[in-house]
Amino acid sequence: MNEISPRRKFIAVAAGALIAPLIPFARFAQPAEANSGGPAAPADNSRQSQVTGTARKGDSVNNWRNPMESSMKSSEMGWNGKEYVLPPLPYDYAALEPHIDEATMRLHHDKHHLAYVNGLNAALSKLAASRESGDFAAVKHLSRETAFHGSGHLLHTVFWNNVTPGGGGEPSGKLAEAISESFGGFGAFMGQFKAASAAVEGSGWGLLVHEPMADRLLVMTAEKHQNLTAWGVKPLLVLDVWEHAYYLKYQNNRGAYIDAFTNVINWSDVAARLV
Ligand code: MN
């Protein structure tokens, strides 16, 4: 399609997805689907980027690692070497019951996350066409689409790995030390993380991130994942508080969902992201 290597393309997109949203004061117009709890099903059924490309752990093609997410296997990242793909859950759909229900997981992963993957691939395909034709009339829209769907794809990929059956409890080792140093203790951290997540207006995320300048941890929220975060941070623990993540089981009781989430946190995964 063009001379840009997949690796370079990924770096550009990863940077775009994580950095474009960070432009201070940027208030990008919301794609229509952003207010409905997640992206709508793709309107363009002709696009080739469907779940057929789903990566499996151990695929030889998935040998590239995103430097921004160095703890994640490329197969977990949702990138097959050519295009973005829906990464398989690292457990069964019902594995997080009763905390996160099977129906929500199927809808959340198979529909909402897939729509982000397809939207990201579609935006990149259209941007490639723009470069070939020299017609950049839609570049503003497509840049926003890249940020919206790219952030959605990257954050959901972290999210699935952030939780595990038999999770919960407290972290240990380096992560526990970093949490203690940054927040004054695990309880204090969790108090802030849960309160911040519950206070997100509308849809969004609660995030534990590493800020490299001070080498410390911060709690952040992204009310619109395409435009609210901070330059240079790396998500360690992300909590999806879009309604599609909990409404089937918990309706409007986001707090109960957040409490349930703490029972399935995969602290080993979170710790592995703190390199
Ligand atoms: Mn979600």
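What you are looking at is a predicted structure, and each value in this text was computed from that prediction instead of being measured. (Residues numbered from 1 in each chain as written. Predicted model: local features only at pLDDT ≥ 70, side-chain atom pairs only at ≥ 80, totals over all residues.)

Things to note about the overall build of the chain
Secondary structure summary: the chain contains nine helices and three strands in total. For the chain, the N- to C-terminal ordering of α and β elements is α-α-α-α-α-α-β-β-β-α-α-α. Counting all 275 residues of the chain, 38% fall into the buried class. For the chain, contacts bridging at least 24 residues in sequence account for 71% of all contacts bridging at least 6. (Helix = DSSP H or I, 4+ residues; strand = E, 2+ residues; numbered from the N terminus. Buried ≥ 20, exposed ≤ 12 C-beta atoms within 10 Å, placed from the backbone. Contact = placed C-beta atoms within 7 Å.)

Section: unusual backbone geometry
Across the junction of E97 and P98, the peptide omega takes the value 0°, indicating a cis bond. Within the chain, D215 stands out as a residue other than glycine whose phi angle is a positive 50°. Relative to the helices and strands, D215 is located in the loop between β1 (205–211) and β2 (216–222). If you check the backbone angles, Q251 has positive phi at about 50° while not being a glycine. When you line up the elements, Q251 lands in the loop between α7 (247–250) and α8 (254–261).

Topic: the sheet that holds strand β3 (residues 234–240)
The strand order across the open sheet formed by three strands is β2-β1-β3, and the pairing between neighbours is antiparallel. The sheet is open, and its two edges are formed by β2 and β3, each paired on a single side. For this sheet, the mean angle separating the axes of adjacent strands, direction not counted, is 20°. Looking at chain direction, β1 and β2 are connected through seven bridges and run antiparallel. Bridge pairing in β2 links E211 to R216. Sitting on the sheet, helix α6 (residues 186–198) is in contact with β1, β2 and β3, with an inclination near 20° to β2. (Pairing = 2+ DSSP bridges. Axes fitted to C-alpha atoms, helices over the stretch in contact; angles between N-to-C directions.)

Examining helix α5 (residues 173–183)
Residues separated by three or four positions in an α-helix point in the same direction, a consequence of the helix having 3.6 residues per turn. For α5, the set of buried residues is L175, A178, I179 and F183. Considered in projection along α5, the buried side chains sweep an arc of 100° and stay on one side of the axis. Exposed and facing more than 90 degrees away from the buried side of α5 are G173, K174, E177 and E181. Those residues of α5 that are buried are in contact with α6, β2 and α9 (267–273). Phi for G184, located one or two positions after α5, is positive at around 90°. (Arc of directions from axis to C-beta.)

Notes on the environment of T146
Relative to the elements of secondary structure, T146 occurs in helix α4 (residues 139–162). Along the backbone, T146 and A123 are 23 residues apart, and their C-alpha atoms lie at a distance of 5.8 Å.

Some thoughts on the pairing of β3
For β3, the tally of buried residues reaches six of seven residues, placing the bulk of the element in the interior. As defined by bridge partners, β1 adjoins β3 across six bridges and the pair is classed as antiparallel. Its bridge partner lying in β3, L208 is registered against L237.

Here's the deal with the environment of V241
Along the chain, the position of V241 falls in the loop between β3 and α7. Taking the C-alpha atoms as reference points, V241 and I258, 17 residues apart in sequence, are found 8.2 Å from one another.

Thoughts on the confidence of the model for the chain
With 69% of its residues at a pLDDT of 70 or more, the chain shows a mean pLDDT of 77. Low pLDDT, under 50, characterises residues 1–70; the predicted model gives this stretch 118 contacts beyond four residues in sequence or across chains. (pLDDT = per-residue confidence, 0-100.)

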